[in-house]
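# Residue-level structural notes
This is what each chain is made of:
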Amino acid sequence: MEALAPARVVLLLAWPLAGWLANGLLGRRLGRLGPGLVGSAAVGASFLTASWLLAAYRALGPEAGPVPVPLGPWFGAGDLVVDAGLLVDPLSLTMALVVSGVGFLIHVYAIGYMAGDAHPARFFAYLNLFVFAMLLLVTAGNLLVLFVGWELVGVCSYLLIGFWFDRPAAATAGRKAFVTNRVGDAAFLLGLFLLFTAVGSLDILTVGEAAAALPAGVRLAAALLLFAGATGKSAQLPLHVWLPDAMEGPTPVSALIHAATMVTAGVFLIARLGGLFLAVPEAMAVVAAVGALTAFFAATVALRQHDLKRVLAYSTISQLGYMFVAMGAFAPAAGLFHLVTHAFFKALLFLAAGSVMHATHDVIDVRRLGGLARPLRWTAAGFAVGGLALAGVPPFAGFFSKDLILEHAFALGMATGNYVPYLLGLLTAFVTAVYITRAALLTFAGQPAEPGAHPHEAPPVMLWPMVLLAVLSASGGLLGARAAGEPLLHFLEPVLPHLGGPLAEVHAPAGPLMALSVATALAGIALGWTVHRGRRDPAGGAFGVFLERRWYIDALYEVALLRPARALGRWLAGPVDLGAIDGLVNGVGRAAMRLGAGVRRWQTGYARQYALGVLVGGVLILVFWMLR
Amino acid sequence: MVPATAYLALSAVLFTLGAAGVLVRRNALIVFMSVELMLNAVNLAFVTFARQHLSIDGQVIVFFVLVVAAVEVVVGLALIGEIFRSRETVDIDDVDLLRG
């Protein structure tokens, strides 16, 4: 255990924290390039530390299990004693590697992307703080420590979406993200309270062990509350509305936070508390249903979005839905596998989209793009790799992970008779292939919609991260492919066992299912190619409008929540505050003034009258005494 | 020997005269003198009762009243002097700055 001494594990978190401090405090003195170099170096060092920890952990042998890293007591109040502690196990190591690895590549990319920005120090300070928060979240050994990371990533997301806060749209989007996340966070907190009341501790290992012995009702309520928190952070129905708007932030932020890492926090939470969730089949059914619905909903919406980043945002929501389906299908390892491959290819897609924006001076509406394949060869190739991985075409990474999820969803159907998650998942795979083909064709194929612009390829500092991510997107499937021995799944096995629940006895027919999903993906691409060839983009009639308006969910929120809230606000501000409360206060004031106006007439200013008053008063007192 | 009632009657008459002066006259100096008259009427009553009850208390109070009256004269005359200097009148009805 010496190799995993607290001082070494904490180093993982210390690098980005130091980078944050350096950029936050001294950033202005680092010039234009300094902040980016410092920020990237900090995250790179974190990645190396994570690799080192991984090697040290593997050296412990396959039976190592979770290694708690106590950092001493944090605070205590009554029965509640919270020990600050981290947890090193395959799950946290995998997440830490993804966060710091993909994070590092995106930091490097951002050096080029943000080269023209006036505030690089602030940007990289926020990014480093985010990486710190995310690493804290994934390595936390205690749910309260996890919650600190959970909230911190929310704050960083808010800061970075609103990084260009002089744009009203960005400021609004930041607020929307924060407020929507708060809704989920409130449920998450309630879940923590419930767990503490029931278990008496918030230590993750303790909770996981005690979960099975809890009363069924408590277990179900806690699981559902925590899942509600996860829907907020991971942008699942009905709390998904913030993620598309979050695209107002700089593109590296979209890639890092809103595709690869932060939004996976909800998936991670369920995997982390697998002991609790797997013990509650009812909650798992909800998770699978929400995930499948979200996956399908977001994929269809992505069909008719015109902002390339918004297409990718809905795609992210959709893919997160897949991960929740995996969780709900009692296959957290498959979900984690998809989380990892998705981090690769979605970061790649976003970086490619950022490269497009870089080349076209922030034009991102696909209707105004086109013909970019020639001037942006590398970017187009990167987008193609990412798109193929997203669509699930073998041998790209997304194929293996998505197929594994669908296989488990099918097994869930065999075990419980509920094939809905599988069917929705398969349908989503088809739609996914269509919309990513559409996005790629409209952006890169044909002739430019606005001739005259001279787009230029991104500088090497932006291309190399894309190249590396493209390699990962193409080969990441080896982490979990059967042919390669499923190294990631075996690595995760000790902490994410196929508890299986109802699935233990079922074996899905892997071969036919795989063939079916490949056929689906290819059919989707073919359909997308047929419909959108030559940059045609048929509107699709009323259904197209329905999709373009995002199933009217935002409009529904406007009517059902925002308008009543505004009306309530107006009522409270007008009749209640101005009328009742101010009326009461002003009424007291007016009464006092009226009383004073009456009494002041006695103050005549004639001293002799006062004297008469004194005399009459004295006489009256005398008379009173004498008559008594 | 003159009966105590006579002294008390004189005291009452003097007090009434003083009070009437305070209420009726407008010249601040006269009002002031009337106040002195009232004080001394009370003094007379005090010594009368002191004599009647063979108690020293009444006489002691008279001394206090005299001392306070002397102080009051000092302050009061200074005030009247200042008022006359600034407003060129000692009519107390003209001094009504505190009218409500």
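Refer to the structure printed above.
This is a predicted model, so every value here is computed, not measured. (Residues numbered from 1 in each chain as written. Chains lettered and ligands numbered in written order. Predicted model: local features only at pLDDT ≥ 70, side-chain atom pairs only at ≥ 80, totals over all residues. Heavy atoms only, no water.)

## Focus: the overall build of chain A
The helix and strand inventory of chain A stands at 24 helices and two strands. With the C-alpha coordinates of chain A rotated into their principal frame, the extents come out at 120 × 65 × 55 Å. The buried share of chain A, taken over its 628 residues, is 54%. The contacts of chain A with a sequence gap of at least 6 include a subset with a gap of at least 24, amounting to 80%. Seen as two clouds, the 38 positive and the 30 negative side-chain charges of chain A have centres 14 Å apart. (Helix = DSSP H or I, 4+ residues; strand = E, 2+ residues; numbered from the N terminus. Buried < 20%, exposed > 50% of the residue type's maximum accessible area, 1.4 Å probe, protein only. Contact = heavy atoms within 4.5 Å. Lys, Arg positive; Asp, Glu negative; His and termini not counted. Charge placed at Lys NZ, Arg CZ, Asp CG, Glu CD.)

## Some details on the overall build of chain B
Along its length, chain B carries three helices and zero strands. Secondary structure elements of chain B occur, N-terminal to C-terminal, as α-α-α. Looking at chain B residue by residue over its 100 residues, the buried ones come to 27%. Considering only contacts within chain B whose residues lie at least 6 apart along the sequence, 58% involve residues at least 24 apart. Just so you have it, chain B exposes about 6,700 Å², and 73% of that area is on carbon and sulfur atoms. Across chain B, the centroid of the 6 positively charged side chains sits 3 Å from that of the 9 negatively charged ones. (Areas by Shrake-Rupley, 256 points an atom, 1.4 Å probe, with all protein chains shown as cover.)

## Comments concerning the pairing of strand 2 (residues 80-88) of chain A
All names here are of chain A. Pairing of strand 1 (residues 67-77) with strand 2 involves eight bridges; the strand directions are antiparallel. Its bridge partner being in strand 2, Gly76 is matched across the sheet by Val81. Between strand 1 and strand 2, which pair antiparallel one after the other, the connecting turn spans two residues, and Gly78 there sits at a positive phi close to 60°. (Pairing = 2+ DSSP bridges.)

## Some thoughts on the packing of helix 3 (residues 90-113) of chain A against helix 10 (residues 251-260) of chain A
Residue and element names in this part refer to chain A. Two elements in contact, helix 3 and helix 10, have axes separated by 8 Å at closest approach and are oriented at 165°. Taken together, the axes of helix 3 and helix 10 lie roughly antiparallel to each other. Every pair of crossing elements has a handedness; the one defined by helix 3 and helix 10 is right-handed. Across the interface between the two elements, Val102, Gly103, Ile106, His107, Tyr109, Ala110 and Tyr113 of helix 3 pack against Thr251, Pro252, Ala255, Leu256 and Ala260 of helix 10. Its residues placed into classes, the contact of helix 3 with helix 10 shows nine nonpolar, three polar and no charged. (Axes fitted to C-alpha atoms, helices over the stretch in contact; angles between N-to-C directions. Parallel < 35°, antiparallel > 145°, perpendicular 65-115°, else oblique. Left-handed = near helix turned anticlockwise from the far one by under 90°. Nonpolar A, V, L, I, M, F, W, Y, C, P; charged D, E, K, R; others polar.)

## Structural notes on the interface of chain A and chain B
Listed as interface residues are 10 residues of chain A and, on the opposing side, 14 residues of chain B. At the boundary of chain A with chain B, total buried surface from both sides reaches about 1,000 Å², with 60% on carbon and sulfur atoms. Where chain A meets chain B, there are one salt bridge. Here Arg608 of chain A and Asp93 of chain B are joined by a salt bridge, their closest N and O atoms 2.6 Å apart. Summed over the shared surface of chain A and chain B, the number is three residue pairs in polar contact (both at pLDDT 80 or more). (Buried area = accessible area lost by both parts, 1.4 Å probe. Salt bridge = Lys/Arg side-chain N within 4 Å of Asp/Glu carboxyl O. Polar contact = N/O pair within 3.5 Å; in protein donor to acceptor, adjacent residues only side chain to side chain.)

## Focus on helix 14 (residues 308-328) of chain A
Residue and element names in this part refer to chain A. The end-to-end C-alpha separation of helix 14 is 30 Å, in line with the 30 Å expected for 21 residues at 1.5 Å each. A large share of helix 14 lies buried, amounting to 21 of its 21 residues. At the N-terminal end of helix 14, a side-chain oxygen is found 2.8 Å from the backbone nitrogen of Lys309, two or three residues along, and the residue is Asp307. Just downstream of helix 14 lies Phe330, where phi reads positive at about 60°. (Expected span 1.5 Å × (residues − 1).)

## A look at unusual backbone geometry
All names here are of chain A. In the segment running from Leu237 into Pro238, the intervening peptide bond is cis, with an omega of -5°. Along the chain, Pro238 falls in the loop between helix 8 (216-233) and helix 9 (242-245). Pro394 connects to Pro395 through a cis peptide bond whose omega is 5°. Counting through the fold element by element, Pro395 comes out in the loop between helix 16 (377-391) and helix 17 (397-416). Even without being glycine, His361 reaches a positive phi, approximately 55°. By the element assignment, His361 lies in the loop between helix 15 (332-360) and helix 16. You can call His361 exposed: its relative accessible area is 65%. Residue Arg550 is not a glycine yet carries a positive backbone phi of 60°.

## Here's the deal with helix 5 (residues 143-161) of chain A
Residue and element names in this part refer to chain A. For helix 5, which comprises 19 residues, the first-to-last C-alpha distance of 26 Å matches the rise-based estimate of 27 Å (1.5 Å per residue) to within 8%. In terms of burial, helix 5 is largely enclosed, as 14 of its 19 residues are buried. You can read the cap of helix 5 off the contacts: a side-chain oxygen lies 2.8 Å from the backbone nitrogen of Leu144, and it is on Asn142.

## Remarks on the packing of helix 4 (residues 120-139) of chain A against helix 10 of chain A
All names here are of chain A. Taken N-terminus to C-terminus, the directions of helix 4 and helix 10 make an angle of 5°; their axes are 11 Å apart at the nearest point. Considered as vectors, helix 4 and helix 10 are oriented roughly parallel to each other. Between helix 4 and helix 10, the residues in contact are Phe123, Leu127, Phe130 and Val131 and Pro252, Val253, Leu256 and Ile257, respectively. For the contact of helix 4 with helix 10, the class distribution of residues is eight nonpolar, no polar and no charged.

## A look at the pattern of salt bridges
Residues and elements named next belong to chain A. Counted by the stated rule, this structure contains 16 salt bridges over all chains. Between Lys176 and Asp245 there is a salt bridge whose closest N-O contact spans 3.0 Å. With Lys176 in helix 6 (residues 168-199) and Asp245 in helix 9, this residue pair connects regions lying 69 residues apart in the sequence. Classification of Lys176 as partly exposed rests on a relative accessible area of 26%. Among the ionic pairs, Arg304 bridges to Asp537, the shortest N-O distance being 2.9 Å. With Arg304 in the loop between helix 13 (281-303) and helix 14 and Asp537 in the loop between helix 21 (510-532) and helix 22 (541-548), this residue pair connects regions lying 233 residues apart in the sequence. For Arg304, a relative accessible area of 8% puts it in the buried group. Through salt bridges with shared partners, a single ionic network connects Lys176, Asp245, Arg310, Arg550 and Asp554.

## Topic: the environment of Pro90 of chain A
Residues and elements named next belong to chain A. Of note, Pro90 is situated in helix 3. For Pro90, a relative accessible area of 2% puts it in the buried group. In contact with Pro90, not counting residues within four places along its chain, are Tyr57, Phe491, Leu492 and Val495.

## Concerning the packing of aromatic side chains
Residues and elements named next belong to chain A. Summed over the entire model, instances satisfying the criterion amount to 21 aromatic pairs over all chains. Ring centres of Tyr57 and Phe491 lie 6.4 Å apart, and the angle between their planes is 80°; this geometry places the pair in the edge-to-face category. Of this pair, Tyr57 sits in helix 2 (residues 34-59) while Phe491 sits in helix 20 (residues 487-492), and the two are 434 residues apart along the sequence. Look at Phe491 and you get buried, because its relative accessible area is 15%. Ring plane angle 75° and centroid distance 5.6 Å describe the contact between Phe227 and Phe324, whose orientation is recorded as edge-to-face. A residue pair is termed long-range when its members are at least 10 positions apart, and Phe227 in helix 8 and Phe324 in helix 14 qualify at 97 residues. A residue is classified by how much of its surface remains accessible, and Phe324, at 0% relative accessible area, is buried. Joined through ring pairs, the aromatic side chains of Phe296, Phe297, Tyr314, Phe543, Phe546, Trp551 and Tyr552 make up one cluster. (Phe/Tyr/Trp six-rings, centres within 6.5 Å; stacked < 30°, edge-to-face > 60°.)

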